[in-house]
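Here's the letter readout for the chains.
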Amino acid sequence: NAGVMQNPRHLVRRRGQEARLRCSPMKGHSHVYWYRQLPEEGLKFMVYLQKENIIDESGMPKERFSAEFPKEGPSILRIQQVVRGDSAAYFCASSPFGNQPQHFGDGTRLSIL
Amino acid sequence: GESVGLHLPTLSVQEGDNSIINCAYSNSASDYFIWYKQESGKGPQFIIDIRSNMDKRQGQRVTVLLNKTVKHLSLQIAATQPGDSAVYFCAEDMEYGNKLVFGAGTILRVKS
């Protein structure tokens, strides 16, 4: 009964490097959401995807950040040329369709040196 | 802007007592609300949800109340246990399943 799987759980990058975060949704779920959480804060929406389509990226910074959810394989959140301010926990959620509970993975904790 | 917020950042209760966590929302058009529990180092865990056409919904030891008149949401936990200690978030679905807006969170501490 696999839930949402995220990897890696922890990722350390130096400033200027690229970070790739992966998310495999729950079986049967075709809607994927990415959120970012800073320490002692709530989660902030970044992007909503369905297979091969970005539905809503209103929460994603215009530069350096991109997301995809290909026909085959996990969803990827990519951060190019990372900066210290990108340090956060990044959570992925999935649902079978809209307006249904989103189920979360345990996140990737990104640290920028 | 529209937002979801919590009244109490920290709540301490005695084991066995009931807990009530409150949440205020400002978007009267929101039609779906969810409570999540987050333990340290983990992702939010779904607890219970409620749609705007209801004012109360019960689960196992938990009850969610929705008061649309004053835009208020609450989570009641009966017979609170040490395992209930966590951060609790209310979340508001503002665009019919596109994204959730989370409150800042309430820390629940259960004293044995």
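Just so we're clear, the structure is a prediction, and the values are computed from it rather than from any experiment. (Residues numbered from 1 in each chain as written. Chains lettered and ligands numbered in written order. Predicted model: local features only at pLDDT ≥ 70, side-chain atom pairs only at ≥ 80, totals over all residues. Heavy atoms only, no water.)

1. Describing the overall build of chain A
Next, step 1: Scanning chain A from terminus to terminus reveals zero helices and eleven strands.
Next, step 2: Counting from the amino terminus, chain A carries its helices and strands in the arrangement β-β-β-β-β-β-β-β-β-β-β.
Next, step 3: At 13 Å, chain A has a C-alpha radius of gyration in line with the 13 Å of a compact globule built from 113 residues.
Next, step 4: Within the span of chain A, comprising 113 residues, buried residues form 45% of the whole.
Next, step 5: The contacts of chain A with a sequence gap of at least 6 include a subset with a gap of at least 24, amounting to 52%.
Next, step 6: Roughly 5800 Å² of accessible area belongs to chain A as shown, and the carbon and sulfur atoms make up 46% of that amount.
Next, step 7: With 16 positive and 11 negative side-chain charges, chain A shows a spacing of 6 Å between the two charge centroids. (Helix = DSSP H or I, 4+ residues; strand = E, 2+ residues; numbered from the N terminus. Rg over C-alpha atoms; globule rule 2.2 N^0.38 Å. Buried < 20%, exposed > 50% of the residue type's maximum accessible area, 1.4 Å probe, protein only. Contact = heavy atoms within 4.5 Å. Areas by Shrake-Rupley, 256 points an atom, 1.4 Å probe, with all protein chains shown as cover. Lys, Arg positive; Asp, Glu negative; His and termini not counted. Charge placed at Lys NZ, Arg CZ, Asp CG, Glu CD.)

2. Here's the deal with the packing of aromatic side chains
The geometry of an aromatic ring pair is captured by the separation of the ring centres together with the interplanar angle, meaning the angle of the planes.
Next, step 1: Overall, the coordinates contain ten aromatic pairs over all chains when judged by the stated rule.
Next, step 2: Relative to Phe104 of chain A, the ring of Tyr35 of chain A lies with its centre 5.4 Å away and its plane at 50 degrees, an arrangement referred to as tilted. With Tyr35 of chain A in strand β4 (residues 31–37) and Phe104 of chain A in strand β10 (residues 103–104), the pair connects residues that are 69 residues apart, well separated along the chain. Take Tyr35 of chain A and Phe104 of chain A: they sit in the same class, and that class is buried.
Next, step 3: Residues Phe104 of chain A and Tyr36 of chain B carry aromatic rings whose centres are separated by 5.2 Å and whose planes lie at 90 degrees to one another, so their mutual orientation is edge-to-face. Taken as a pair, Phe104 of chain A in strand β10 and Tyr36 of chain B in strand β4 (residues 32–38) lie in two separate chains rather than in one. Side by side, Phe104 of chain A and Tyr36 of chain B carry an identical accessibility label, which is buried.
Next, step 4: An aromatic cluster is present here, built from Tyr35, Phe45 and Phe104 of chain A together with Tyr36, Phe46, Phe89 and Phe102 of chain B joined pairwise through their rings.
Next, step 5: Over the ring of Tyr32 of chain B we find Arg51 of chain B; its NZ or CZ atom is 4.1 Å from the centre of that ring. (Phe/Tyr/Trp six-rings, centres within 6.5 Å; stacked < 30°, edge-to-face > 60°. Lys NZ or Arg CZ within 6 Å of the ring centre and 35° of its normal.)

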